[in-house]
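# Structure at a glance
One-letter residues, chain by chain:
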Amino acid sequence: MKKVLNTIFLCLTLVMGLVACDDKHDKIPPTGGLDNAEKLVVGTYTGTWSRTNLSTMAEESKPGSITFSVDESLGNNVTVLTVESELDLGLNAPTCAANISRLSSGVLSYWNVTTSSNPFGTSFTGKVSPEGVATMQYNKVVRSGRKEVEFSYTFSGNKQQ
């Protein structure tokens, strides 16, 4: 009987020890310092804006640019994006803030998925390669009289020195 009680006591002690050690996995390890992606992307990227009418698949292209700048009041990993083109981009305003992050591959990825508080009036995504090639893509419904037409807009351009 004494052996059985000792075995039960040993098992309870082991279970209590394992439960007590479980808390060490609750904390998330630090991911490292800030990557300052908003400072790495600063500059003007010139290239071509294209828009495709998603109903007729008609495409038109014109030259344009994207300029990235830093506004310290917005905080870390946020960039200010300004677009210009001879093409009607269908945007409510030419300037907008965007989240930006550096991926492990060195690519800078930027985006803004809010639509209500976004000055552009639409969500967008884009990337800047380590070689200095910027791309951007968004869809926007544009009203022309009584008719609404959805366009797909894309940009591709190189960083100016």
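Anything mentioned here points back to the structure above.
What you see is a predicted model; the values in this text were computed from it and never measured.

Helix and strand counts for the chain come out as two helices and eight strands. Tracing the chain from N to C terminus, the helices and strands come up as α-α-β-β-β-β-β-β-β-β. When each of the 161 residues of the chain is scored for burial, the buried share is 32%. If you take every contact in the chain between residues at least 6 apart in sequence, the share linking residues at least 24 apart comes to 44%. Just so you have it, the chain exposes about 10500 Å², and 56% of that area is on carbon and sulfur atoms.

Time to look at the packing of aromatic side chains. What the rule picks out here adds up to eight aromatic pairs. Ring geometry for Y110 against F124: centres 6.5 Å apart, planes inclined by 55°, an arrangement best described as tilted. Here Y110 is found in strand β5 (residues 108–112), whereas its partner F124 is found in strand β6 (residues 124–128), with 14 residues between them in sequence. A residue is classified by how much of its surface remains accessible, and Y110, at 0% relative accessible area, is buried. The rings of Y45, F68, Y110, F120 and F124 are connected pair by pair, giving a single aromatic cluster. Positioned over the ring face of F151 is R51, at 4.2 Å from the centre of the ring.

Taken together, the nine bridges between strand β1 (residues 43–53) and strand β8 (residues 147–159) define a ladder with antiparallel strand orientation. Within β8, the residue paired with R51 across the bridge is Y153. Judged from the 12 bridges that link them, strand β7 (residues 133–144) and β8 form a sheet pairing that is antiparallel. Residue N139 lies in a different strand from β8, and its bridge partner there is S152. The hairpin turn running from β7 into β8, its antiparallel successor, is two residues long, and G145 in that turn takes a positive phi close to 70°.

Read around the closed barrel, the eight strands follow the order β1-β2-β3-β4-β5-β6-β7-β8; overall the barrel is antiparallel. If you compare each strand with its neighbour and ignore which way they point, the axes differ by 30° on average. Relative to strand β3 (residues 78–85), strand β2 (residues 59–69) runs antiparallel, the two being bridged by six bridges. Bridging from a neighbouring strand, G64 pairs with S85 of β3.

Conventions adopted
- Residues numbered from 1 in each chain as written.
- Predicted model: local features only at pLDDT ≥ 70, side-chain atom pairs only at ≥ 80, totals over all residues.
- Heavy atoms only, no water.
- Helix = DSSP H or I, 4+ residues; strand = E, 2+ residues; numbered from the N terminus.
- Buried < 20%, exposed > 50% of the residue type's maximum accessible area, 1.4 Å probe, protein only.
- Contact = heavy atoms within 4.5 Å.
- Areas by Shrake-Rupley, 256 points an atom, 1.4 Å probe, with all protein chains shown as cover.
- Phe/Tyr/Trp six-rings, centres within 6.5 Å; stacked < 30°, edge-to-face > 60°.
- Lys NZ or Arg CZ within 6 Å of the ring centre and 35° of its normal.
- Pairing = 2+ DSSP bridges.
- Axes fitted to C-alpha atoms, helices over the stretch in contact; angles between N-to-C directions.

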